[in-house]
Amino acid sequence: MKDSDEPLWDGWTNHSKLSVVAHVFTIKSDHGLTEAGYDKIIEWTRSILPEENGLKENLYAAKSMMKLLGLGYQKINMCPNFCMLYYLENVEMTGCMTCGHSCYKPRTSRGKTLMAYKKLRYFPITSRLQRLFMSPRTAEHMTWHKSHDAVDEVMVYPSNGETWKHFNSVHPHFSTESRNVHLALCIDGFNPFG
């Protein structure tokens, strides 16, 4: 968190060390840059910045910095036909118990490690919600549903809707604490693999 307040170099106030790394990660992701491509861009950028800059020297160092935020993810192997996850008690299985499809691709002559056909990336929600409440700016938005002025007979926010009100009446203990987060999940027609 200290890196979010420190400028990239003394006298520079446009970006912090953390914001620069986050922006470059976004560019890498949006444009499919390889690790080598990322490292080359950073090497060139560091050469034109002042000597005492705080830009991380490569992707590994940038990932190490971002890992401390606690916003990582977990890779979970899954059946290519979407039948099951190889998770918890099924983590050691090599074939789907529903369709029988193998979890892993056939090994090539060079490949020594097993490669799964499909992987699910699980992003734990608890650490992300905790991070939202750490900043006073975002914490204010997280509790806005309790403090905003509702317009009679007009739904301008989900907390004005009948479903929210019904949930609050069924679970009054939960609804009294403004920091409790209401989550909704809609997966109608959603398929993460296209």
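That block above? That's the structure.
Let me sum up the structure you'll find in this document. (Residues numbered from 1 in each chain as written. Predicted model: local features only at pLDDT ≥ 70, side-chain atom pairs only at ≥ 80, totals over all residues. Heavy atoms only, no water.)

1. Observations regarding the pattern of salt bridges
Between side chains of opposite charge, a pair can form when the charged atoms approach closely.
Then, in step 1: Tallied over the full model, the rule gives one salt bridge.
Then, in step 2: Measuring nitrogen to oxygen at the nearest pair gives 2.9 Å for the salt bridge that ties Glu-177 to Arg-179.
Then, in step 3: Here Arg-179 falls in the exposed class, since its relative accessible area comes to 52%. (Salt bridge = Lys/Arg side-chain N within 4 Å of Asp/Glu carboxyl O. Buried < 20%, exposed > 50% of the residue type's maximum accessible area, 1.4 Å probe, protein only.)

2. Focus: a nonpolar patch on the surface
Then, in step 1: Judged by side-chain polarity, Leu-85, Tyr-87 and Leu-88 come together as a nonpolar surface patch covering roughly 270 Å² of accessible area.
Then, in step 2: On the secondary structure map, Leu-88 appears in the loop between strand E1 (74-78) and strand E2 (118-122). (Patch = residues over 30% accessible without salt bridge, like charges linked within 9 Å, V, L, I, M, F, W, Y side chains within 5 Å. Areas by Shrake-Rupley, 256 points an atom, 1.4 Å probe, with all protein chains shown as cover. Helix = DSSP H or I, 4+ residues; strand = E, 2+ residues; numbered from the N terminus.)

3. Description of unusual backbone geometry
Then, in step 1: The backbone of Phe-82 shows a phi angle near 65°, a positive value even though the residue is not glycine.
Then, in step 2: Relative to the helices and strands, Phe-82 is located in the loop between E1 and E2.
Then, in step 3: Positive phi, normally seen in glycine, also occurs at Leu-88, with a value near 55°.

4. Comments concerning the packing of aromatic side chains
Then, in step 1: In the structure shown here, the tally under the stated rule is three aromatic pairs.
Then, in step 2: With centroids separated by 5.9 Å and ring planes inclined at 25°, the aromatic side chains of Phe-25 and Tyr-38 adopt a geometry described as stacked. With Phe-25 in helix H1 (residues 17-31) and Tyr-38 in helix H2 (residues 35-48), this pair connects stretches of sequence that are 13 residues apart. (Phe/Tyr/Trp six-rings, centres within 6.5 Å; stacked < 30°, edge-to-face > 60°.)

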